[in-house]
Amino acid sequence: MDKLLKVKNLKTHFKTRKGIVKAVDGISFELEKGEVLGIAGETGSGKSVAAKSIMRILPSNTAFSKADCLELEGQNLLELSKSDLKNIWGKKIAIIFQNPFSYINPLFSIGKQMSDVISFHEKINKKEALKIASEMLHLVGMPNPKSILKYYPHELSGGMIQRVMIAMSLSCKPALLIADEPTTALDVTVQAQILKLLNDLRDKTSGIILITHNLAIILEICNAIAVMYAGKLLEKGCVEDVIYKPSHPYTQGLLQAIPKLDGQEGKLKYVPGNIPSALNPPDGCRFSPRCPVSLPCCNHREPVLTEISPRHFVACHRVTRS
Amino acid sequence: MEQIKNHTRLNNFIVKNLLITIKNLDNILYQLRQNKLSILGLIMISFFVIIALFGPYFVPYAQDAMTTSVENRLLPPSSEHFFGTDDLGRDVFTRVILGAGVSLKIGIIAISITMFIGISLGAIAGYFGGWIDEIIMRITDIFLAFPNLLLAMAIAAALKPGLTSAMLAISLTWWPWYTRLVRGQTLQLKNQPFVYASKSMGANSLYIIVRHILPNCIGPVIVNASLDMGYIILAAASLGFIGVGAQPPTPEWGLMVSTGRKFFLDSSWMAIFPGMAIFFTVLGFNLLGDGLRDIFDPQSRLR
Amino acid sequence: MNTKNNHLPILKINQLKKYYVKKNFIGKMSEELKAVDGVSLELFKGESLGIVGESGCGKTTMALLLMGLVKATSGEIFFKENNISNISLKEFKRMCSQIQMVFQDPATALDPRMTVQSSLLEPFKIQKINVEQKIIDQLLQKVGLSSEFKDRFPHEISGGQKQRVVIARALALNPEVLVLDEPTSALDVNVQSQILNLLVDLKNQFSLSYIFISHDLSVVKCICSRIAVMYLGKIVEIGDTDAIFKHPLHPYTIALFSNIPSLTKKNIEKIFLKGEIPSPTNIPEGCPFHTRCWKAIPICKKQIPQVKEIDKNHKVACHLVEKVKK
């Protein structure tokens, strides 16, 4: 089957005064057509940077990305020039962010912003672009799409703006949609609506990457999951496999730390310690300083992602040995 | 006993804030280095300050600055008189160097008074709001309605002409910007959780303004002040130029340019060198201020 | 998870209202924002009462009202029998040490220009209490931080560590009640667990009483013995945690619970509420929830439902529930 996105050994380093920050340090995964992949990780794991690196929207004077392979529908994204990228952004890859109000221009109406994007990519005039915009707004469940086009961002709520952002990003039918913590800033009831929306609109795009720290959300709408830690992928596979049969100690720890809705016995569990600094990551397995079951070799040799069951990969010496 | 305790507390407060500034200085210098022009500005200003502070000890004709010497009048630049002499026979080079000290003094005193008035009014207006805010802002608006140089001239002319009047006049026209700036910052800061936390412990308004609001406003104020120093020195020179600022025989650059005007056709050096000194100094402050503004801009704020 | 240690509540709120009025330039009222619209609650010593709700429900305003940081429009707050609703500044300074607050975002809850030590000394300074240096070490120890954090600035320590400092500062004056406004929302799940464990330990160790405000029901379930659900400034349901989770009665509570993404309960039918939360400036007539309620009946549009006690400690404000029990 033709892969939608192929990422092999993606690295993104930031040049700073204190040294090189290795935010993403060699991640590899593939996205099939029609798949929804969830990238899970805590703050500082590098997941947002990974998403932005795939999209190539990081500032080029401080961020350096390289990969053995970064292909979207067969097209190498690393070779593209700035002007080529402008044609890709919005048309082949679209992204929605966490705080909807920060990513929409407060000075222009919804209609203007949406039609700008559509007319730039589809090369049609404003009237037709507005028509498409209106259809998209209807698709995302906005009441009275035609009148919403005239509204300004401050007149809508957070949930509605997020729907507008989803509509905007899907308006040019991109091959890949990246959603970076799309519901973290929203209420629970609104979050449920937005997640349902993303699920319903899966056919409007060939693949979705959902980035979040909330594993329960990933369980809701993703079919594949990749767990990221300190710039590396520790475990990846089908959502059921990874969440119900987690193999990596970090994944296990993370799942145990989530407060249970149905009966929490005694104290909450957690993984002690902190995420290592991306400036000087530890040798060997990045997680070994905090790992409750680390082996001596974990401090010297970095584990590689190995398949332990069909489509379930883990980067852990202990697991691969047994 | 109380006084000693208060004294040490004030000292601690100043020392602590100084330490914070020094800690940040390291980062600031690094960031400044990214901007070549602001480094140039920094060099120019350092040069200016060194000349102003130490120049008087090294000038060739220290005693000459104020005394007339008719036989030496209007000599062109030479190896004995680098910048020539003026219409009263005084060495222009010496006077330009001494003028740096005068300008620095005016600048520092004027900006200090300006900042004191502006910051106090701004913090009070922003924090208390309501009719206090309205009154202060309307007064600010009135002062802002006048072109500031004209207002400074008017005030200086109304007072007895001299350096002190010039400083006072400048301070009374420059404060409104600081009030506006600090008021804006205060409006944002007063709703921050750490201010609520202090209130919930029983802190009164004065405590919150002094301990929390003012220290957090300092950044943009310093940027403004560094840009303003140049303009204040220019304003002082302008006042000196029209005769309501420094009075003869004070070696003030503006005054020197003004006296040099009469002799410009034949002895241009009298006006040119003080003029270039003004230009050099103001440019230096501008470049430095621009660089500092880029650093203190919230987007590029140090994390 | 015991609830009532004493007969009398340590904190009692009676029909508390906070309306924000926007006047137009003539002075006439143009908009009235009903942030808190008639809330009555009791907090008993040693218990942890959770207040849950979404944006616009008024829970943050509740926190500010309890702390005395905003003045109520009407209603009363009693702390140990003393009416603290309209006390003078002097009185406030005297008794504010009894109720302290932990904030949501630790980064903005600490003055960025003050070291950890200065922030911890601040409560004593404001209250003019002379203390020795070692009290800082004691406070840090209480929250599980070593003394080396004394001279650090907020931007030099992690989110979880910052929140511990905020908690330590809140405990400095030995309060009896802590109001916690979303204390773990800004933290990662690992750090959240540590902070929640810490809060439980502190509560037991120092006999504290908590008002725990959160939108995260799973967090509230671990730490609270009773829960109050708020919607548009009113309490729609209140009761023991177990009772509310096992048998939620108010339609909003039922919908809220069904919408929580959970790792375990995968088969719950999600109830998607129609429309958006109405603006607090334009609260619907009758039951504020009726515009989104799938069970609404005609009376819901006209009459505000009274809070009725359905079960032991379990109260609901809903016309339908009343009807069923009849």
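The structure presented is a predicted model; accordingly, all values stated were derived computationally and were not measured. Once a new chain begins, its residue numbering starts again from 1 and follows that chain's sequence as written. The order in which chains are written sets their letters, starting at A; the order in which ligands are written sets their numbers, starting at 1. Only residues with pLDDT of at least 70 are given local features in this predicted model, and only at 80 or more are side-chain atom pairs given and counted; all residues enter the totals for whole chains, interfaces and linings. Heavy atoms throughout the structure, all of them, feed into the side-chain values; hydrogens and water do not.

**Brief notes about the overall build of chain B**
Defined as follows: The way it works is that DSSP assigns letters per residue, a run of H or I at least four long becomes a helix, a run of E at least two long becomes a strand, and they are numbered from the N terminus. Partly exposed describes any residue whose relative accessible area lies between the buried limit of under 20% and the exposed limit of over 50%, with all areas from a 1.4 Å probe on protein chains only and scaled to the type maximum. It only takes one pair of heavy atoms within 4.5 Å for two residues to be counted as in contact. All accessible areas in this document rest on Shrake-Rupley with a 1.4 Å probe, and a residue is counted as covered only by the protein chains that are shown.
In terms of helices and strands, chain B carries 10 helices and 0 strands. The secondary structure elements of chain B, listed N-terminal to C-terminal, are α-α-α-α-α-α-α-α-α-α. Of all 303 residues assigned to chain B, the portion counted as buried reaches 47%. Pairs at least 24 residues apart make up 72% of the contacts formed inside chain B by residues separated by at least 6 positions. With the model as given, the accessible surface of chain B reaches about 15300 Å², and the carbon-plus-sulfur share is 68%.

**Some words on the packing of helix H7 (residues 193–200) of chain B against helix H8 (residues 205–242) of chain B**
Residue and element names in this part refer to chain B. Spelled out, the test is: Only C-alpha atoms enter the line fits that serve as axes; for helices the fit covers just the stretch in contact. Angles between N-to-C directions range over 0 to 180 degrees. Each angle receives one of four descriptions, namely roughly parallel if under 35 degrees, roughly antiparallel if over 145, roughly perpendicular if within 65 to 115, and oblique otherwise. Each crossing is labelled by how the near helix is turned from the far one, with a counterclockwise turn of less than a right angle marking it left-handed and a clockwise turn marking it right-handed.
Between H7 and H8, whose axes approach to 11 Å, the crossing angle comes to 165°. Considering their axes alone, H7 and H8 lie roughly antiparallel with respect to each other. With respect to the hand of their crossing, H7 and H8 are arranged in right-handed fashion. Residues Phe194, Val195, Ser198 and Lys199 of H7 touch H8, and the partners they reach there are Tyr207, Ile208, His212 and Asn216.

**Quick word on the environment of Cys69 of chain A**
Residue and element names in this part refer to chain A. Note on placement: Cys69 falls in strand S5 (residues 69–72). A relative accessible area of 16% means that Cys69 is categorised as buried. Separated by 41 residues in sequence, Cys69 and Ser28 place their C-alpha atoms 8.9 Å apart. Apart from residues lying up to four places away in sequence, Cys69 is in contact with Lys6, Val7 and Lys8.

**Some remarks on the pattern of salt bridges**
All names here are of chain A. Where we set the bar: Salt bridge, as applied in this entry: a Lys or Arg side-chain nitrogen positioned within 4 Å of an Asp or Glu carboxyl oxygen.
All told, the structure shown has 29 salt bridges over all chains when counted by the stated rule. Lys3 is paired through a salt bridge with Glu30; the nearest N and O atoms lie 3.5 Å apart. You can see Lys3 sitting in strand S1 (residues 3–16) and its partner Glu30 sitting in strand S2 (residues 19–32), a full 27 residues away along the chain. Residue Glu30 is classed as partly exposed on the basis of its relative accessible area, which comes to 41%.

**Let's talk about the interface of chain A and chain C**
Where we set the bar: Put simply, buried area is the surface a 1.4 Å probe can reach on two separate parts but cannot reach once they are joined, added for both. By the criterion applied in these results, polar contacts are pairs of N or O atoms within 3.5 Å in which, for protein atoms, one can donate a hydrogen and the other can accept it, and in which residues neighboring in sequence qualify only through two side-chain atoms.
The partner chain C presents 35 residues to the 38 residues of chain A that form the contact. Summing both partners gives a buried area of about 3300 Å² for chain A against chain C, and 57% of it is carried by carbon and sulfur. Between chain A and chain C we count 2 salt bridges in total. A salt bridge links Lys270 of chain C to Glu220 of chain A; its shortest N-O distance comes to 3.2 Å. If you look at where chain A meets chain C, you find 11 residue pairs in polar contact (both at pLDDT 80 or more).

**A word on the interface of chain C and chain B**
For clarity, the cut-off: We call Asp, Glu, Lys and Arg charged. Ala, Val, Leu, Ile, Met, Phe, Trp, Tyr, Cys and Pro are nonpolar, and the rest, Gly among them, are polar.
Listed as interface residues are 24 residues of chain C and, on the opposing side, 22 residues of chain B. Interface area, chain C with chain B, both sides summed: about 2200 Å², of which 60% is carbon and sulfur. Ranking the residues of chain C by area buried against chain B places Leu69, Arg113 and Ile126 of chain C at the top, with a combined share of 28%. For the pair chain C and chain B, the number of links is 0 salt bridges. Taken together, the links from chain C to chain B amount to 9 residue pairs in polar contact (both at pLDDT 80 or more). Contributing elements (two or more residues each) for the side of chain C that touches chain B: helix H2 (89–95), helix H3 (106–109) and helix H4 (116–126) of chain C. For the side of chain C that touches chain B, the element with the highest residue contribution is H4 of chain C, accounting for 5 residues. In terms of residue class, the side of chain C that touches chain B is built from 12 nonpolar, 5 polar and 7 charged.

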